[in-house]
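What follows is each chain in one-letter form.
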Amino acid sequence: MQDAAVLVPVYRSADEDIHIVMVLRSEGGVHGGQLAFPGGKRDECDDSMLETALREAREEVGLHPDMIEVLEQLPIVETRTTGYRVHPYLGRLVAPVTWRPAEREIADIIDVKLTDLLRPGAHAETVEQFPTWARASKVPFYRVGSHRLWGLSYRIIHPLMPRLVAGQWSI
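Participant: Got a minute to help me understand unusual backbone geometry in this structure?
Facilitator: Across the chain, the bulk of peptide bonds are trans and the bulk of non-glycine residues have phi less than zero. Despite not being glycine, Glu16 shows a phi value in the positive range, around 75°. The exposed category is assigned to Glu16, whose relative accessible area is 52%.

Right, dumping it as structure tokens:
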């Protein structure tokens, strides 16, 4: 397993909605075309997995560490097909942000309202078969516009949503 880290950036808008910031990965990479959180592999220069998450967020979407208050390290999640052990960190955005997506890696930045993920019909599942899977399996996902939020990102956000709704953190 190779270590990687992601930042789960959240903020509360003026209308009191909680927003989750995601990226749409550019086509062609290992996770091309998928919704994800800003993040990536640990570099030798990173002193910690948190440093990896913050560095990657800066490189991928222009989030400077001063714009983020890290609220909690979330449970580690492993990818099922690509060999990554991912360390997610929940971070509250504390400053206005002008996104600067890394053009080679990020096709778009998607601002997802938590209420949209909670609405009836947003959660569904499909049956998928991938080359590395022994057999077809049910894959749960959330509908986000014309995209599906599934896989590792789903496994990070799904157990986090009730905690956000319950107000566990000041967002």
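Participant: I'm lost on the side chain of Arg25 in this one. Help?
Facilitator: Structurally, Arg25 can be placed in strand β2 (residues 18–25). There is a polar contact of 3.2 Å between the side chain of Arg25 and the backbone oxygen of Phe37.

Participant: Honestly, the environment of Ser137 in this entry has me stumped. Any pointers?
Facilitator: Of note, Ser137 is situated in strand β10 (residues 137–144). Taking C-alpha positions, Ser137 is 9.9 Å from Glu125, a pair spaced 12 residues apart along the chain. Discounting residues that sit within four places of it in the chain, Ser137 has contacts with Thr126, Val127 and Glu128.

Participant: Got a minute to help me understand the environment of Val8 in this structure?
Facilitator: Inspection of the secondary structure puts Val8 in strand β1 (residues 2–12). Accessibility expressed as a relative area gives 0% for Val8, which makes it buried. Measuring from C-alpha to C-alpha, the distance between Val8 and Val23 comes to 10 Å, with 15 residues separating the pair along the chain. The contacts of Val8, once residues within four sequence positions are left out, are Ile20, Phe37, Leu74, Tyr89, Leu90, Gly91, Ile156 and Leu160.

Participant: Can you help me understand the sheet that holds strand β9 (residues 123–128) in this one?
Facilitator: Two modes of strand pairing occur in sheets, parallel and antiparallel, and in both the strands are linked by backbone hydrogen bonds. Taken in spatial order, the three strands line up as β9-β10-β11 in an open sheet, and their pairing is antiparallel. At either end of the open sheet lies a strand with only one pairing partner, and these are β9 and β11 (147–150). Put simply, the sheet's adjacent strands are angled 50° from each other on average, direction ignored. Where β10 meets β11, four bridges bridge the pair, whose relative direction is antiparallel. Counterpart to Tyr142 in the pairing with β11 is Leu149. Taken strand by strand, helix α3 (residues 151–165) contacts β9, β10 and β11, and its axis lies near 75° from that of β11.

The rules behind each value
For every chain, the first residue of the written sequence is number 1, and numbering continues from 1 along that sequence. With pLDDT at 70 or above as the cut-off, local features in this predicted model cover only qualifying residues; side-chain atom pairs require 80 or more to be listed or tallied, and sums for whole chains, interfaces and linings still use all residues. Calculation of side-chain values draws on the structure's entire complement of heavy atoms; hydrogens and water are dropped beforehand. Only protein chains enter the accessibility calculation, which uses a 1.4 Å probe; a residue is then buried when its area is under 20% of its type maximum, exposed when over 50%, and partly exposed in between. Secondary structure elements are defined from DSSP: runs of H or I of at least 4 residues count as helices, runs of E of at least 2 residues count as strands, and each element is numbered from the N terminus. Under the rule applied, a polar contact is a pair of N or O atoms within 3.5 Å (in protein, one hydrogen donor and one hydrogen acceptor; residues adjacent in sequence only if both atoms are side-chain atoms). The criterion used for residue contact is that any of the two residues' heavy atoms lie within 4.5 Å. The pairing criterion is simple: DSSP has to find at least two bridges between the two strands. Axis lines are fitted to C-alpha atoms, over the contacting stretch for helices. Their N-to-C directions set the angle, which ranges from 0 to 180 degrees.

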